[in-house]
Each structure stands twice: as structure tokens, then as C-alpha cells.
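Examination of the molecular architecture
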Amino acid sequence: MDDSQTEAGWRSDPIWQLYAAYGRAYVAYAGLGVVSTVLGRFFGLVPAFVIGLAVDAIFLRERPFGLPFVPAAWLPTSPVDQLTLAITVLVVATVGGSVASWLEDWGWSVFAQRIQHALRVDAYDRLQRFDLAYFTSRRTGDLMSVLNNDVNALETFLEDGLSAIIWIGATVVGIGAILLTLNVPLTLVALLPIPALVAFTLLFTRVIEPKYLAIRGEIGDLNSRLENNVSGIEVIKTEGAEAYERDRVESTSRSYLTANLTTIRTQTTYYPGLTVISGVGFAVTFLVGGLWILTGAPFGLSATLSPGEFVTFVIYAQQFVWPVLRFGTVVDDYERAKAAAVRVADVMARESRISAAPDATDLDGRTGAVEFDHVSFGYDTDRGRRVITDVSLDVAGGETIGVVGPTGAGKSTLLKLVPRLYDADEGAVRIDGRDVRDVTLTSLRRAVGYVSQEPFLFFGTIRENIRYGTFDATDEDVERAAKRAQAHAFVQNLPDGYETRVGERGVKLSGGQRQRIALARTILKDPAILVLDEATASVDTETEALIQRSIAEFARDRTTFVIAHRLSTVRNADRIVVVDDGRITERGTHTELLARDGLYANFWRVQAGDVDALPPEFLERAMARGAERHDRG
Ligand code: ATP
């Protein structure tokens, strides 16, 4: 893609900007398309000319037999030979026309398909680099429809529309030139409908444009609904919500249907409108030409018109309708493609809000010290509510920090700021003294390993899933990591061991098994900073004990954050911080926090089953928090 493609450019003229940016590499195919389209048109114009010539020169003998660019001496003189030559010319023109049409289709199709491919890959690549907030604020189905339907719509116009424009140009110029040589006044009569056709087309585009844009939006909505329902099929079944979902799909599909029907109502008037205007024009031309033959030149004109010329003229004048009609479909396709281009260009023009500074350098992350310096943050989608408020925390390299707190307190959010899944609104997060915004994203993400509570497995083998991100790891490395994550034993019991396919349409793993695969993936990555976000919450206590032992050993030589609700998971951490409502309210070792007798100590009582010992304020606060969460929801 060209650097000169400015954001303003993408937005003001998306379709041509996209084609210019991506077409350049494949311009040879377009060149072939243009040449063969023009040649094809040339061959297509020959028959009418030859028929007119045959009528005048061979049958009526009104003018001598002559062909353009051919010396008269080379031409036969007997009528039979002349007829044979005329028919040969017709056959050659037909064969030439077929070859040209084949080359034309091939050139334009390859041109369009290659652009479609390059554009889709580029659009996907840009999209995947956008900040996480972009994805959480958009529906998956809608994004899919940009990458699929909209990119395809652009290809359709390229393949059919662009070739049609050349075809129309060649036809109009070719026929126009021949008509002018035949009879100038009659040509002007034949051209009369053109201003009316242009005005009608302008009106059409103005009316249809917003309708096509609305359809693209409706496709996005429908895709989102279907995608959401297929993903949530388990809930639909357990809740017996099939009828409800059928109605919702029917309602979304109906909106799409309505948008389509409204558009079709406008669209279907266009083509017949063009036909009527050009048909009337043709009738007028026929009338004037016919009278010319019967009663001589009208309006005191002196030009002559032979019957053969009139036949040729009428055939061409009728062919003049074709480009007009084809122009109609081109305009229609163009309007569709333009609506799609607006959405694709929106992806191409957008910049990720999370990107490294231009002078960013790699982070070596050797020490792994992490500093939160008066950090505050709120999600855009959450009406500016602060989720993290003025958090400061200094973590030395190699330290293990337990992070606990009520649900929704902001624990995950705080740690997502370290690998820059989101950026702090105020304050700074530093690693080894360097602001995370000043280092390259690749080196930052390499230095930080993040295991989430609900890990995602890609469709593929277990081995591929563990190796994901450390693509050059050997099979031995993969198995070693799996052993440390307590995954090796259960993987070996799967039908195909490490080659077992998991993820979509593969073997379904339990939540705890998936967590262990994700843990193995991060262990293999060997990051300087490890974030375990409830990473063992779904495994049984026995397995957790085993994982704890491995993690403790793995954590020894790296900085580790362990977010956990189960306090036994963090009690041996070097330090524990309690996050409550976006702030760190307590910090210290397990023993220190118990002695402090605050929130942590009460959590500990809950987990020890000592509920009777809880102070009434704790229960009141817990209920208040629940109510607050309910309000937000
Ligand atoms: P839990 O223990 O339940 O995992 P947590 O302490 O990790 O909770 P967070 O997941 O950080 O809490 O969420 C903190 C707040 O931010 C919650 O109110 C949540 O609703 C909100 N939140 C989390 N993720 C997003 C998001 N992507 N967009 C908007 N709000 C979010």
C-alpha cells in the first residue's frame, strides 16, 4: 500500500483510493483487459458496416465496393467474389471478437481477484493490529461482513464494472465515429436522448446511495446476530430459547429484507427508465432517417443517405442503446461497491490507538521490574467511569505479587495495562524504568506472558496450540512446558495425544484442561513477566496444588502477578495487594494482612468457612457492592 494514501483520501473517495492503492501491482492484467475490450468492440462493429456495404455495393450497386485501409486495387471486382470477401471479413471479425472476449474476461477477472485477495489480507492485518477496545466495542459478525461481503462487493465491481466502463467508452467512440462519417445531422438526432439519460442517472444515484449503505449495515447486523447465536447455542438450548431466537433472527432478517425491498423498488425503475428514454430516441432517429430516404433530406439539408447507409446507421443506432443500458448496470454496481468501500476504507484509514512511539526501541525486560505510577483508567464504553483510580505499586524484578479483591474491583483491568491491552489514561506503567508506551509492542508482548481465566484455543492440534507464539519451539520443548503446566498426563490420554485437534469442531476440553494448555503456552514462551489472571480457577484443588508447585518454581526467576479469588493460591506470594473499587486498599504479606484485620482478613475468614466471625460491616459492604454491580449491569 502506498504511503500517500491519506486518511482524508480514504474517506473522501474510498473506492478509487482503494483501487489505485491495490491495482498498481496488477496493472498489466488491467492493460490486457483494456486492449482486448477495445479490440473486441472493434470486431463487434465490423458486421453492421459490412452488411451496409453489401447492400449498397453488391446488391443495389449504389456505391463502389471499398473497405477502409485496403487499396481498391486489392479488392475483387466480381459481385460473387466481393460477397465471399465480405463473408470472410464477417467470419474473421466473429472469431477475433471471441478471442478478444476471452482475453478480456481473463484479464479483468485475474485483475479483480488479485486485488480482492491483497485487499482482504491487508484489511485483516490492519484490523488485527487495532487496540482491544476497538474489538470490544464492535460486533464480530459486522467485522466479518467487512472482511467478506464488502471486500467481495468491491471485487464484483472491478470485474464487471471497470471492464464495462471501457467497453462503453469503446462502443460509444466507435459507433459515434462511424455514425458521424455516415451522416452528421442524423447522428445528432441519435444523440438527443443523452442529456435526458445523464439527468435520470444522476437522480438515480442520489436516491439509491443511502439505500445501498443501509443494506451493508443490515448485512452486518444479520451476520452479528447469526454469529452470536451459533456461538451461544449451548445457552439457547439450556434456556429453551429456540422460539425466542427464531423471532429475533426473523426480526433482523426482516429489517434486511425491508432494506432490500426498498432498494429494489428504486433500482428496478432505473433500467426500464433508461430503456424508455433510449427507445424513444431510437424511434425518433428511425423516423427522421426513414423520411430522409422517402422524401429526401429534411430541414433543407444537402447530405445524402443511401438505403445501405441507412441500414448500417439504424443497426448502429440500435447498438447505441447497449452502452446506455450497460451504463445503467455499471452505475448500479458502482453504487453498491461504493457503499462497501466506505466500510472497508474505514478499516484502512483508522489508526490503532495503541501503537509504539516512533522512536521506540526494544525492551529487553531482563530485570522485569514493574512500576505503576499514579495510574488511572476507565473504559471508553463505560460512560467515563473510572475502573482504576490512582494506583501506585513498585514491583521488584523476580517478585511474586498476589492480587485479590472483590469481583469487578479492577484486578484484571490493572494488569491488562502491563502488556498494553489498554493504555492508562493518567500516570504511567513502567517496566525496568521504561514507560511501556516507549518500547516496541513486539518486545513488550514478548516480555509479558498473560494467562487469562477463559483461555482461547485455536482450531488445530494441542501441539500447535501450545506452540502458538513460540513457533520455533521443538516438540521436546512443547512437552516439557506441558509437564510443568500439569497438562502432559491428560494430553497423553487423548485419542491422538499432542496431535489431537481441539478448538472449533475439535475435541472439547474442559475449562481446567484448557487453562493448563494456555499455561503451557505461556511457560513455553518463557516471559520475563508473568500474569496469571485466575489461571487455575477452573482446575480442581488437587491439580491446582501440583500446578502451584510448578508455577512457584517457574516464578522464581521472573516477576509474577497472580490474580486469584482462592486465597490459598496467593498466600505464599512475596506480597499481596488488595484491590477494592479500583484502588489498592491493603498491601503486605499474608501474615501482615491477617494481622491488619481488613478486607483480606475477612476474605480469609469466608474461605476458611468462619462466616460467623465476619463483622456485620463486611456483609453490609458485600451486599452494597452486589447492588452496585447490579445497577451497572
Ligand atoms: P473479576 O474478579 O470478576 O475477574 P476484576 O476485579 O478482574 O473482576 P475487571 O475485570 O478488571 O474486574 O473489571 C473491572 C470493571 O471494569 C468491571 O466493572 C467491569 O464491568 C468493567 N470492564 C471490564 N472489562 C471491560 C470492557 N472491556 N469494557 C468495559 N468495561 C469493562
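Residues numbered from 1 in each chain as written. Predicted model: local features only at pLDDT ≥ 70, side-chain atom pairs only at ≥ 80, totals over all residues. Heavy atoms only, no water.

Let us look at the site of the ligand. The full set close to the ligand counts 15 residues, and T407, G408, K411, S412 and T413 are the nearest of them. A distance of 2.8 Å is found between an oxygen atom of the ligand and a backbone nitrogen or oxygen belonging to G408. Taken by itself the ligand offers 630 Å² of open surface, and the protein chains cover 72% of this. Counted by class, the shell around the ligand contains five nonpolar, seven polar and three charged residues. (Near = heavy atom within 4 Å. Polar contact = N/O pair within 3.5 Å; in protein donor to acceptor, adjacent residues only side chain to side chain. Areas by Shrake-Rupley, 256 points an atom, 1.4 Å probe, with all protein chains shown as cover. Nonpolar A, V, L, I, M, F, W, Y, C, P; charged D, E, K, R; others polar.)

Taking a probe equal in size to a water molecule and rolling it over the atoms shows the remaining empty space. When its volume is computed, the second largest pocket comes out at roughly 540 Å³. Around the second largest pocket, the lining is made up of 21 residues, and of these F42, V46, F49, P68 and I178 lie nearest the centre. Taken together, the elements giving at least two residues each to the lining of the second largest pocket come down to α3 (27-59), α4 (79-129), α6 (140-182) and α11 (307-319). Examining the composition of the lining of the second largest pocket, we find that seven residues originate from one element, α3, more than from any other. Taken together, the residues of the lining of the second largest pocket sort by class into 17 nonpolar, two polar and two charged. (1 Å grid on protein atoms, 1.4 Å probe; cavity = no way out; pocket = protein on both sides within 12 Å on 5 of 7 lines; lining within 4 Å. Points joined across faces, edges and corners; volume = space filled by probe spheres on them. Helix = DSSP H or I, 4+ residues; strand = E, 2+ residues; numbered from the N terminus.)

This next bit is on the packing of aromatic side chains. The final tally for this structure, using the stated rule, is 21 aromatic pairs. Members of the aromatic cluster, joined through ring pairs, are W16, Y19, F157 and Y334. Positioned above the aromatic ring of F554 is the side chain of R558, whose terminal nitrogen or guanidinium carbon lies 3.7 Å from the ring centre. (Phe/Tyr/Trp six-rings, centres within 6.5 Å; stacked < 30°, edge-to-face > 60°. Lys NZ or Arg CZ within 6 Å of the ring centre and 35° of its normal.)

Next up on the list: the sheet that holds strand β4 (residues 426-431). Sheet strands associate in pairs through backbone hydrogen bonding, adopting either a parallel or an antiparallel arrangement. With antiparallel pairing, four strands are arranged side by side in an open sheet as β2-β1-β4-β5. Only two strands of the sheet have a single neighbouring strand rather than two, namely β2 (388-395) and β5 (434-435). The sheet contact formed by strand β1 (residues 370-377) and β4 spans five bridges and is antiparallel. Bridging from a neighbouring strand, D373 pairs with A428 of β4. (Pairing = 2+ DSSP bridges.)

What follows is about the pattern of salt bridges. For the coordinates displayed, the defined rule picks out 30 salt bridges. As a salt-bridge pair, D247 and R246 come within 3.7 Å of each other at their nearest N and O atoms. Of the residues examined, R246 reaches a relative accessible area of 53% and is grouped as exposed. Note that E553 and R484 form a salt bridge whose closest N and O atoms lie 3.5 Å from each other. Here E553, found in helix α19 (residues 541-555), pairs with R484, found in helix α16 (residues 475-484); they are 69 residues apart in sequence, far enough to count as distant. One salt-bridge network, held together by shared partners, links R139, D142, D150, R216, D221 and R343. (Salt bridge = Lys/Arg side-chain N within 4 Å of Asp/Glu carboxyl O. Buried < 20%, exposed > 50% of the residue type's maximum accessible area, 1.4 Å probe, protein only.)

This part takes up the sheet that holds strand β9 (residues 529-533). Strands sit in the order β6-β9-β10-β3-β11-β12 across an open sheet of six strands; the sheet is mixed. Every other strand in the sheet has two partners, leaving β6 (448-451) and β12 (583-588) as the edge strands with one partner each. On average, each strand axis in the sheet is inclined to that of its neighbour by 20 degrees, with strand direction left out of account. Sheet topology places β9 next to strand β10 (residues 559-563); five bridges connect them, and they run parallel. Counted as the bridge partner of L530 is T560 from β10. Each of β3 (400-404), β11 (575-580) and β12 is contacted by helix α21 (residues 599-607), which is oriented at about 95 degrees to β11, the strand it contacts most. (Axes fitted to C-alpha atoms, helices over the stretch in contact; angles between N-to-C directions. Contact = heavy atoms within 4.5 Å.)

With that settled, consider the environment of Q453. Topologically, Q453 is positioned in the loop between β6 and β7 (460-461). For the pair formed by Q453 and R129, sequence separation is 324 residues and the distance between their alpha carbons is 23 Å.

Even without being glycine, D526 reaches a positive phi, approximately 55 degrees. Turning to its location among the elements, D526 is positioned in the loop between α18 (511-525) and β9. The phi dihedral of D581 falls on the positive side, at around 50 degrees, and the residue is not glycine. Judged by its relative accessible area of 47%, D581 is partly exposed.

Turning next to α11. Across its 13 residues, α11 extends 18 Å between first and last C-alpha, which sits within 8% of the 18 Å expected from 1.5 Å per residue. Taken as a whole, α11 has its buried residues at G308, E309, F310, T312, F313, V314, Y316, A317 and Q319. On the buried face of α11, the contacting elements are α3, α6, α7 (184-191), α10 (242-295) and α12 (321-349). (Expected span 1.5 Å × (residues − 1).)

Further remarks concern the side chain of S224. Positionally, S224 belongs in helix α8 (residues 193-231). If we ignore the near neighbours within four places in the chain, the residues touching S224 are R139, G141 and D142.

With that out of the way, let us pick up the domain arrangement of the protein chain. As assigned here, the protein chain comprises domain 1 (7-349) and domain 2 (370-632). The centre of domain 1, based on its C-alpha atoms, is set 57 Å off from the matching centre of domain 2. (Domains from an automatic or database assignment.)

Let's shift gears to empty space enclosed by the protein. Under the defined criterion, the tally for this structure stands at three cavities of 30 Å³ or more. One number sums up the size of the largest cavity: a volume of about 120 Å³. Contributing to the lining of the largest cavity are A190, P193, I194, L197, S278, G281, F282, T285, A317, F320, V321 and V324. The dominant element in the lining of the largest cavity, judged by the number of residues it contributes, is α10, at four residues. Residues belonging to the lining of the largest cavity are distributed by class as follows: nine nonpolar, three polar and no charged.

In this section: the nonpolar core. Core analysis: the largest hydrophobic core is formed by 43 residues, its most contacted members being I462, I466, L509, I517, L519 and L532. Of all the secondary structure elements, the ones that give two or more residues to this core are α15 (462-467), α16, α17 (488-492), α18, β9, α19, β11 and α21. Per element, the largest residue contribution to this core is six residues, and it comes from α18. The contacts of L519, once residues within four sequence positions are left out, are V451, A485, L532, I547 and I551. (Core = buried A, V, L, I, M, F, W, Y, C linked by side-chain atoms within 4.5 Å.)

This brings us to α18. Helix length check: α18, at 15 residues, gives a terminal C-alpha distance of 21 Å against a target of 21 Å (1.5 Å per residue), a fit within 8%. The buried count for α18 comes to 13 of 15 residues, which makes it a mostly enclosed element. Directly beyond the C-terminal end of α18, a positive phi value near 55 degrees is found at D526.

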